[in-house]
Amino acid sequence: MNYSEMSPKEVRALISRGEIDFPTPGMCAGYAQANLVILPKELADDFLLFTQRNPKACPVLEVTRPGDRFIRQIADNADVTREIPKYRVYKRGKLKKELTEVSDLWTDDMVAFLIGCSFSFEDALLKAGIPIRHIEEGKNVPMYDTNIPCESAGPFHGNMVVSMRPIPIALISKAINVTAAMPRVHGAPIHIGAPEAIGIKRLDKPDYGDAVTINPGEIPVFWPCGVTPQNVLMKSKPEFAITHAPGHMFITDVLNEDLMNK
């Protein structure tokens with residue numbers, strides 16, 4: 001099935017029926033994808049401040065009202081508890097389980113944050129003639145923990161997570177310019193080459209996602225990643241939190257081009 005040509009609403013319907021439980025890169029070409037964080041409202045203000053202090057890693061696209069599980073600004077009343085392929089449940093900073101829906105865990109004091117995703121700029125990169133290796137290889141994007149500190153807010157602290165794409169040397173400047181025009185989905189790279197300089201020991205052993213081939217003449221390029229909140233949750237240890245599983249994104253009704261600087 002060619003998910004890239006389907007509408008977000010069609011793909012979300014397949015997800016809600018349990019027919020898609022795998023990563024979403026390449027789906028619904030042209031439409032933005034989003035990361036998810038769900039927290040009790042007593043932590044929502046501090047987490048919102050955390051996102052404002054760390055906009056490259058955590059560019060917010062929508063925040064729901066406490067107890068409202070429907071996404072209304074970037075999608076047409078989509079159910080945040082059922083329309084993501086896979087969720088992660090954390091308790092006191094520890095990953096407890098992965099689920100394909102979390103409606104039975106939703107309570108009236110929960111707030112959902114939808115955060116921009118780098119999958120959203122991949123369509124622009126492809127249109128610019130820049131290869132996306134994990135799409136070519138049918139894999140999830142490789143993501144890595146780093147030594148780049150985030151600015152703390154309330155109990156929330158930790159380091160940035162990055163996603164990596166191998167880019168031919170001659171196309172790196174173009175990749176920078178294309179993604180810099182989309183700050184609401186992480187924007188320009190945070191680091192180029194020398195993975196050890198940001199605390200990454202082995203590119204073939206990503207902390208999240210899958211390893212991809214790096215061909216001769218290509219350089220690893222690293223972008224801020226919306227999995228950063230999951231690393232922060234593990235460090236900060238809130239009593240309860242729900243996120244998406246890395247690479248299993250919420251597909252919005254917003255076109256990527258509408259998130260570009262104009």
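Below is a summary of the structure that appears in this document. Small disclaimer: the values here were computed from a predicted structure and weren't measured.

Right, let's talk about a positive patch on the surface for a bit. Where like charges cluster on the molecular surface, the positive patch consists of K91, K94, K96, K97, K235 and K237. Among the elements that make up the positive patch, the one with the highest residue count is strand β6 (residues 94–99) (three residues). As for its position among the elements, K91 is in strand β5 (residues 87–91).

Next up on the list: helix α1 (residues 8–16). Structurally, the α-helix is built with 3.6 residues per turn, so residues lying three or four positions apart point the same way. Among the residues of α1, P8, V11, R12, L14 and I15 are the ones counted as buried. For α1, the buried positions fall inside an angular range of 155 degrees around the axis, keeping them on one side. Looking at the buried residues of α1, the elements they touch are β1 (31–40), β4 (78–79) and β13 (250–255). After α1 finishes, the residue G18 shows a positive phi value of roughly 80 degrees.

So, about unusual backbone geometry. Unusually for a residue other than glycine, R92 sits at a positive phi of about 50 degrees. Tracing the chain through its elements places R92 in the loop between β5 and β6. In this structure, H186 is a non-glycine residue whose phi angle is positive, near 90 degrees. Examined against the element boundaries, H186 turns out to sit in the loop between α5 (172–180) and β10 (191–192). Assessed through its relative accessible area of 3%, H186 is described here as buried.

Our next topic: helix α6 (residues 228–236). The buried fraction of α6 amounts to seven of the nine residues, a majority that puts the element mostly inside the structure. Listed in full, the buried residues belonging to α6 are T228, P229, Q230, N231, V232, L233 and S236. Trailing α6 by a residue or two, K237 shows a phi angle of about 60 degrees, which is positive.

Viewed as axis vectors pointing N to C, helix α3 (residues 119–127) and α5 meet at an angle of 130 degrees, and their least axial separation amounts to 10 Å. Relative to α5, the element α3 is oriented oblique. Note on packing geometry: the crossing formed by α3 with α5 is right-handed. Every residue of α5 that contacts α3 at F121, A124 and L125 is listed here: A175, V178 and T179.

Cut-offs used in this document
- Residues numbered from 1 in each chain as written.
- Predicted model: local features only at pLDDT ≥ 70, side-chain atom pairs only at ≥ 80, totals over all residues.
- Heavy atoms only, no water.
- Patch = residues over 30% accessible without salt bridge, like charges linked within 9 Å, V, L, I, M, F, W, Y side chains within 5 Å.
- Areas by Shrake-Rupley, 256 points an atom, 1.4 Å probe, with all protein chains shown as cover.
- Salt bridge = Lys/Arg side-chain N within 4 Å of Asp/Glu carboxyl O.
- Lys, Arg positive; Asp, Glu negative; His and termini not counted.
- Charge placed at Lys NZ, Arg CZ, Asp CG, Glu CD.
- Helix = DSSP H or I, 4+ residues; strand = E, 2+ residues; numbered from the N terminus.
- Buried < 20%, exposed > 50% of the residue type's maximum accessible area, 1.4 Å probe, protein only.
- Arc of directions from axis to C-beta.
- Contact = heavy atoms within 4.5 Å.
- Axes fitted to C-alpha atoms, helices over the stretch in contact; angles between N-to-C directions.
- Parallel < 35°, antiparallel > 145°, perpendicular 65-115°, else oblique.
- Left-handed = near helix turned anticlockwise from the far one by under 90°.

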